[in-house]
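# Structural characterization, general
What follows is each chain in one-letter form.
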Amino acid sequence: MVLNVPGLIVMAGFYLLILGTGIWASMRSKKEENKCSGDGMEITLLAGRNINLLVGIFTLTATWVGGGFILGIAEATYNPTLGAVWALMPVPYVLTFFLGGFFFAKPMRENNYVTMMDPFQQKYGNVLSSLLIFPALVADVLWVARTLVSLGGTMSVILDLSYVYSIITSSVVAIIYTLLGGLYSVAYTDVIQLILIFISLWVCVPFLMTNPHSLDISLTAYNQTFQAPWVGTVELDEAGKWFDDFMLLALGGLAYQAFYQRILSASSYSQAQVTCFASSAFCLVLGIPSVLIGAVAASTDWNSTSYGLPTPYERDQAGSILPIALQYLTPPYISIVGIGAVAAAVMSSMDSALLSSASMFSSNIYKNILRKQASDCEMQWVIRISVIVVGLAGTALTFLDSSVLVFWLVGVDMSYTIMFPQLVCILFFKVSNGYGASVGYLMGIILRVMSGEPLIGLPPAIKFPGCRLDDEGTLTQYFPFRTAIMVMSLASILIVSWLASIIFNKGLLPESWDVFKIKRTQTTASAADHKRTISEKEETSVARQLLDTTSL
């Protein structure tokens, strides 16, 4: 292959469009900063809590529909050992957004938090909350890595551009416009990117479906042809693993700062709810083209194409099946359109991860712990440096592994097994305290490490029921062990918190031993609840009096 010059020109135009939108949004953010009563950090991280509803829907959807989403679904559908039934991303995300809208949005938005770590810091203190921030930051860095891996692989296949150059260019562009305008730049570029994703993917689908090298996907859905049926199956002994993956994707997303950044930027709780519900529908629609592309690839006689044999799966290139299908099964100008969709998806997710991690470090660590007296100007520089550091760390990781699914699953795994139970307890169980959170945190980490992870070559020390060798000879847990670890972590937080509360409230141990000051915290919380109840009763009484007066 030779360098695809027309494709490079199109991609350069796309990057200039995104960069121009980011610059425009940064100018808009400066104007809004003069109007808004909030500080500069709130403008940068939350767009002044006044993001437009339509823009909010677009940016939340674009955050989830990243390069890992598009390439991961196609990879799972094409993979003869998996199939479409294992391409789970769109359906669990519907559950993510509905649960987020119904249950998590209200306590977060009504308390005017800046990040999802604020409730931890307020209740548990700085030391423990700093430890809890660590897995969230790691998950964001892995998120950056997986999005860049998907784009690097796509550009190297279609444009014949060096993997290194592809990743570095995309990383630099995303970092620059995120630095310029914070959430405003991220949100408004997401609008452009989501429109491009939608149009580009659906333009490619008809050409792929009608190419002469592939059979009708309806014939190969349940019949063995060039490979196993692309629909796939879930055998009874694999049901536990399938359920575990489903719950991982559905609930793991609820422990990402990027999700709450969109919730907290909404002008009200009701707007945050609408944003979640609308985004769930968009995720479903945007997942369909990737399934169809994977199905076409599974129905293709690769020997009749210029790609030849062995097949992409046999060459260990299943992770790049979407760009390979575009390159060898569509006209050149259509493959360039397809790479635009992948590039847009990558940028829309990467900028969210950059701003998400910068939010937690700058607000919860630097501002609340290291430099409480930091000025707005100083905080702006901290946010910028944080964005650069996370971007560089994520970019460096892309050279360690080329599989999109590896970074995807490991990142979400940490959010699900460690952070999700912590978040549920802090938001919905008043009994939770620092002692329970510490035990749950350690239990989640220890059990997860000892359960092993074949994606990174870590053998299991704990073998759950059904643990056996898979078709590739790798020792794999088929029991829903991650869900079990999450439940055990959640239960340990509540049980230990309850026991600690009894011990110190009953005076079984001296109050001087109470490191987390739970007795004082509970007294303060009770007083606040009592005050809030009185205030609500007074407001109700006034409203009734006004209603009676109006009736007269």
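A brief report on the enclosed structure follows.

## Considering the overall build of the chain
Scanning the chain from N- to C-terminus turns up 19 helices and two strands. Here the chain, with 552 residues, has 55% of them falling under the buried criterion. Considering only residue pairs separated by 6 or more positions, the chain has 81% of its internal contacts joining residues 24 or more positions apart. When the accessible surface of the chain is totalled, it reaches about 22800 Å², and 67% of it is carbon and sulfur.

## Remarks on the environment of Met347
Turning to its location among the elements, Met347 is positioned in helix H14 (residues 332–370). Spatially, the C-alpha atoms of Met347 and Thr63 are 9.1 Å apart, while their sequence positions differ by 284 residues. When sequence neighbours within four positions are dropped, the list of residues in contact with Met347 reads Phe14, Tyr15, Ile18, Ser170, Val173, Ala174, Tyr177 and Gln193.

## Describing the environment of Thr63
Positionally, Thr63 belongs in helix H3 (residues 53–64). Residue classification places Thr63 among the buried residues on the basis of a relative accessible area of 0%. On a C-alpha basis, the gap between Thr63 and Val346 in space is 9.1 Å, while along the polypeptide they are 283 residues apart. Those residues in contact with Thr63 that sit more than four places away from it in its chain are Trp143, Asp190, Ala258, Arg262, Ser348, Ser349 and Ser352. One polar contact links Thr63 to Arg262, side chain to side chain, over a distance of 3.4 Å.

## Focus on the pattern of salt bridges
Taken as a whole, this structure holds nine salt bridges when the rule is applied. Across the pair Asp237 and Arg468 runs a salt bridge, and its minimum N-O distance is 3.1 Å. You can see Asp237 sitting in the loop between helix H9 (217–220) and helix H10 (239–252) and its partner Arg468 sitting in strand E1 (residues 468–469), a full 231 residues away along the chain. The exposure class assigned to Arg468 is partly exposed, which follows from its relative accessible area of 28%.

## Things to note about helix H18 (residues 481–505)
Along an α-helix, residues three or four positions apart point the same way, because every turn accommodates 3.6 residues. Taking 1.5 Å as the rise per residue, H18 with 25 residues should run 36 Å; its terminal C-alpha atoms sit 36 Å apart, in good agreement. Gly507, located one to two residues past H18, shows a positive phi value of around 75°.

## Some words on helix H13 (residues 321–329)
Most of H13 is tucked away: seven of the nine residues are buried. By the burial criterion, the buried members of H13 are Ile321, Leu322, Pro323, Ile324, Ala325, Leu326 and Leu329.

## Notes on a nonpolar patch on the surface
Taken together, the side chains of Val91, Ile195, Phe198, Ile199, Trp202, Val203, Phe207, Leu284, Val285, Ile288 and Tyr333 define a hydrophobic patch exposed on the protein surface, amounting to about 930 Å² of accessible area. Counting residues per element, the nonpolar patch draws most heavily on helix H8 (residues 163–209), which supplies six residues. The residue Tyr333 is located in helix H14 in this model. Here Tyr333 falls in the exposed class, since its relative accessible area comes to 53%.

## Focus: the packing of H14 against helix H15 (residues 376–397)
Packing of H14 against H15 leaves a shortest axis separation of 8 Å and a crossing angle of 130°. Our classification of the angle between H14 and H15 gives oblique. Pair H14 / H15 crosses with right-handed handedness. Contact residues: H14 offers Leu354, Ser357, Ala358, Phe361, Ser362, Tyr366 and Lys367, while H15 offers Glu378, Met379, Val382, Ile383, Ser386, Val387, Val390 and Gly391. For the contact of H14 with H15, the class distribution of residues is nine nonpolar, four polar and two charged.

## Thoughts on unusual backbone geometry
The peptide bond linking Leu309 to Pro310 adopts the cis configuration, its omega dihedral lying at 0°. Here Pro310 is to be found in the loop between helix H12 (269–298) and H13. Despite not being glycine, Ala47 shows a phi value in the positive range, around 55°. For Ala47, a relative accessible area of 1% puts it in the buried group. The phi angle at Asn112 is positive, at roughly 55°, despite the residue not being glycine. Turning to its location among the elements, Asn112 is positioned in the loop between helix H5 (90–110) and helix H6 (118–124). Residue Asn112 is classed as partly exposed on the basis of its relative accessible area, which comes to 44%.

## Overview of the nonpolar core
Ranked by size, the top nonpolar core spans 147 residues in total, and within it Trp64, Ile70, Ile197, Phe259 and Tyr260 carry the most contacts. Apart from the residues within four sequence positions on either side, Tyr260 is in contact with Phe104, Met108, Met116, Leu254 and Leu423.

## A word on the side chain of Ser492
Structurally, Ser492 is set in helix H18. A distance of 2.7 Å separates a polar atom in the side chain of Ser492 from the backbone oxygen of Ser489. The residues touching Ser492, leaving out its near neighbours within four places in the chain, are Gly436, Val439, Gly440, Met443 and Ser497.

## As for the environment of Gly466
By the element assignment, Gly466 lies in the loop between helix H17 (434–450) and E1. The sequence separation of Gly466 and Glu238 amounts to 228 residues, and the corresponding C-alpha distance is 9.0 Å. Apart from the residues within four sequence positions on either side, Gly466 is in contact with Thr476 and Tyr478.

## Section: the packing of aromatic side chains
Under the criterion given, the structure shown has 23 aromatic pairs. Ring centres of Tyr435 and Phe504 lie 5.6 Å apart, and the angle between their planes is 20°; on these two criteria the pair is classed as stacked. On the criterion of sequence distance, the pair formed by Tyr435 in helix H17 and Phe504 in helix H18 is long-range, its members being 69 residues apart. An angle of 5° between the planes, with centres 5.7 Å apart, marks the rings of Phe464 and Phe479 as stacked. With a gap of 15 residues between them, Phe464 in the loop between H17 and E1 and Phe479 in the loop between strand E2 (475–476) and H18 connect regions that are remote in the sequence. Put simply, the rings of Trp64, Phe69, Tyr93, Phe97, Phe259 and Tyr260 pair up and form one aromatic cluster. If you follow Arg468 out to its NZ or CZ, it ends over the ring of Tyr478, 3.7 Å from the centre.

Thresholds, definitions, all that
Residues numbered from 1 in each chain as written. Predicted model: local features only at pLDDT ≥ 70, side-chain atom pairs only at ≥ 80, totals over all residues. Heavy atoms only, no water. Helix = DSSP H or I, 4+ residues; strand = E, 2+ residues; numbered from the N terminus. Buried < 20%, exposed > 50% of the residue type's maximum accessible area, 1.4 Å probe, protein only. Contact = heavy atoms within 4.5 Å. Areas by Shrake-Rupley, 256 points an atom, 1.4 Å probe, with all protein chains shown as cover. Polar contact = N/O pair within 3.5 Å; in protein donor to acceptor, adjacent residues only side chain to side chain. Salt bridge = Lys/Arg side-chain N within 4 Å of Asp/Glu carboxyl O. Expected span 1.5 Å × (residues − 1). Patch = residues over 30% accessible without salt bridge, like charges linked within 9 Å, V, L, I, M, F, W, Y side chains within 5 Å. Axes fitted to C-alpha atoms, helices over the stretch in contact; angles between N-to-C directions. Parallel < 35°, antiparallel > 145°, perpendicular 65-115°, else oblique. Left-handed = near helix turned anticlockwise from the far one by under 90°. Nonpolar A, V, L, I, M, F, W, Y, C, P; charged D, E, K, R; others polar. Core = buried A, V, L, I, M, F, W, Y, C linked by side-chain atoms within 4.5 Å. Phe/Tyr/Trp six-rings, centres within 6.5 Å; stacked < 30°, edge-to-face > 60°. Lys NZ or Arg CZ within 6 Å of the ring centre and 35° of its normal.

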